[in-house]
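# Close look at the chain arrangement
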Amino acid sequence: MPMRIAINTGGGDAPGLNAVIRAVVLAAINEGWEVYGIRDGFGGILDPEKYNGQGVVRLTAESVKGITHVGGTILGTSNRGNPMRWPQRQPDGTIVEVDRSDEIIKAFRRLKLDCLIAIGGDGSLSIARHLRDKGLQVIGIPKTIDNDLGSTLMTFGFLTAVETATDAIDKLHSTAEAHKRTFVVEVMGRHAGWIALFSGVAGTADVILIPEIPYRIEKVVAKIRERYERGREFAIVVAAEGAKPVGGEPSFVEAARPGQEARYGGIAEKLARQIAEMCGVETRSLVLGHLQRGGQPISYDRLLALRFGAAAIELVKRGDFGSMVSLDPPDVRAVPLGEALARPKLVDVNGDVVRTARAIGISFGD
Ligand code: F6P
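About the cut-offs
Residues numbered from 1 in each chain as written. Predicted model: local features only at pLDDT ≥ 70, side-chain atom pairs only at ≥ 80, totals over all residues. Heavy atoms only, no water. Helix = DSSP H or I, 4+ residues; strand = E, 2+ residues; numbered from the N terminus. Rg over C-alpha atoms; globule rule 2.2 N^0.38 Å. Buried < 20%, exposed > 50% of the residue type's maximum accessible area, 1.4 Å probe, protein only. Areas by Shrake-Rupley, 256 points an atom, 1.4 Å probe, with all protein chains shown as cover. Lys, Arg positive; Asp, Glu negative; His and termini not counted. Charge placed at Lys NZ, Arg CZ, Asp CG, Glu CD. Pairing = 2+ DSSP bridges. Contact = heavy atoms within 4.5 Å. Polar contact = N/O pair within 3.5 Å; in protein donor to acceptor, adjacent residues only side chain to side chain. Axes fitted to C-alpha atoms, helices over the stretch in contact; angles between N-to-C directions. Phe/Tyr/Trp six-rings, centres within 6.5 Å; stacked < 30°, edge-to-face > 60°. Expected span 1.5 Å × (residues − 1). Salt bridge = Lys/Arg side-chain N within 4 Å of Asp/Glu carboxyl O.

### Some points on the overall build of the protein
Within the protein one finds 11 helices and 15 strands. For 366 residues, the compact-globule estimate of 2.2 N^0.38 gives 21 Å, and the protein sits close to it at 22 Å. Counting every position in the protein, which comprises 366 residues, the buried fraction comes to 53%. With the model as given, the accessible surface of the protein reaches about 15800 Å², and the carbon-plus-sulfur share is 49%. Side chains of the protein carry 45 positive and 44 negative charges; the gap between the two charge centres is 2 Å.

### Some details on the pairing of strand β8 (residues 182–187)
Of all 6 residues in β8, 6 are buried; the element is thus mostly enclosed. With burial as the criterion, each face of β8 is covered, one bearing T182, V184 and E186 and the other bearing F183, V185 and V187. As defined by bridge partners, β8 adjoins strand β10 (residues 235–240) across 6 bridges and the pair is classed as parallel. Among the inter-strand pairings, F183 is bridged to a residue of β10, identified as I236. Pairing between β8 and strand β13 (residues 283–287): 5 bridges, direction parallel. Its bridge partner lying in β13, V185 is registered against L286.

### Points about the environment of E31
Residue position: E31 is located in the loop between α1 (17–30) and β2 (34–38). Between the C-alpha atoms of E31 and K317, which are 286 residues apart in sequence, the distance is 8.7 Å. Not counting the four nearest positions on each side in its chain, E31 is found in contact with I313 and K317. Only 3.1 Å separates the side chain of E31 from the side chain of K317, close enough to count as a polar contact.

### Focus on the pairing of strand β5 (residues 95–98)
Pairing of strand β4 (residues 86–89) with β5, which is carried by 4 bridges, proceeds in the antiparallel orientation. Along β5, the bridge assignment pairs W86 with V98. If you look at the hairpin formed by β4 and β5, you'll find 5 residues sitting between the two strands, and G93 has a positive phi there, around 95°.

### Concerning the sheet that holds β8
Taking strand neighbours across the sheet as the criterion, the 4 strands line up as β9-β10-β8-β13 in an open arrangement whose pairing is parallel. Edge positions in the sheet fall to β9 (207–209) and β13, since each has one partner strand and no second. Going from strand to strand, the sheet's axes swing by 15° on average, the running direction of each strand aside. Its contacts with the sheet place helix α7 (residues 217–229) against β8, β9 and β10, and it is angled at close to 160° to β10.

### Describing the packing of aromatic side chains
Taken as a whole and assessed by the stated rule, the structure comprises 4 aromatic pairs. Judged by centre distance (6.0 Å) and plane angle (75°), the rings of W194 and F198 are edge-to-face. Of the two residues, W194 and F198 both sit in helix α6 (residues 194–202), 4 residues apart, roughly one turn of that helix. Owing to a relative accessible area of 24%, F198 belongs among the partly exposed residues under this scheme. Each residue in the set F158, W194 and F198 is aromatic and connected to the rest through ring pairs, giving one cluster.

### Topic: α1
If you check α1, its first and last C-alpha atoms are 20 Å apart, about what 14 residues at 1.5 Å a residue would give, namely 20 Å. By the criterion of burial, α1 is predominantly enclosed, with 10 of the 14 residues buried. All buried positions along α1 are accounted for by L17, N18, A19, V20, I21, A23, V24, V25, A27 and A28. Structurally, α1 contributes buried residues whose contacts are with β1 (4–9), β2, β3 (56–59), β6 (115–120), β7 (138–142) and α9 (299–318). Backbone geometry just downstream of α1 places G32 in the positive-phi region, at approximately 85°.

### Some thoughts on the pattern of salt bridges
Close approach of charged atoms allows side chains with opposite charge to pair. According to the stated counting rule, one finds 20 salt bridges in the structure shown. Its salt-bridge partner being K134, residue D102 comes within 2.6 Å of it at the nearest N-O pair. Placement of D102 in helix α3 (residues 101–110) and of K134 in the loop between α4 (122–133) and β7 is noted, with a sequence separation of 32 residues between them. For D102, a relative accessible area of 43% corresponds to the partly exposed category. One salt bridge connects K223 with E226, and the closest N-O pair in it is separated by 3.8 Å. You can see K223 and its partner E226 sitting in helix α7, 3 residues apart, about one turn around the helix.

The following block contains the structure:
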């Protein structure tokens, strides 16, 4: 009997998801195996009526042709799809979270699926680990534009997001200079400031604010004032959405709801107001938001995604379940899922990129 492999994509999308799916499907077919895609995280199993019997679909070479360079995911995804905390509407209209993970295990048995390749960030991979604990054979593939997963040097999608953010910062430079304005650019990164750090340094921002280094608004203002006084009458501040002042909290646009995390956001607008008031310079804010998750993956991310997909099939071949593929240059290797999820990968505040930024005069507001 050929091996029957299930694959799904969970959480926020990231450029390169389709390339992973393609590599998994082609490498599995090469082994004489079959691949089945679960739609919208676990929605295809837990909400079957929504999919007209097409919640779990066979993926062939035909289904994955021409998708390596395409953003998004042909399987769909969801960041409200935790089977252990599945939001269910009650007769009185309220929503409560119920654990439906046993239904996934049963569905795998019913559909004769041998294992799951779960492509996701910390949330989706924690779900995969929970299913592993319930007896499912799982392999994880790390994905997030935030690059905050432990035990892998990088996740695919991250550098594409950095490219998008750097391009935006480059473009803001000319209009900032023309109008003698300060711009505050908000980029993604709830707990880790990787996108802000990389795009801020590459785009030569004046101030970079990341969750790992709480800022003092007085320091941010002092840096901007010093620039204007020196005759450079414009400034760029790049802030991760999770940036927070010393002793303070990050900004949120929405509190957590059942099955969902709190939504970060609002830091750029808040900072722009403070800078305008305290510094007396014209200030504007820009939230890059989901633009960072969209579009074609850059070649590095395509390659990484294809490598991760092929490596996952090698792990299936070796029977190395309960592990995650990880980038450990020059190779891709396997690490236990538990190790990868033990702690998030945060920016090293004494690391080389932070030191580089400081050396070229970029302030972290500390
Ligand atoms: O993928 C992670 C992330 O990009 C976070 O940085 C961001 O806060 C979140 O996703 C937003 O996701 P959504 O708006 O889809 O809930």
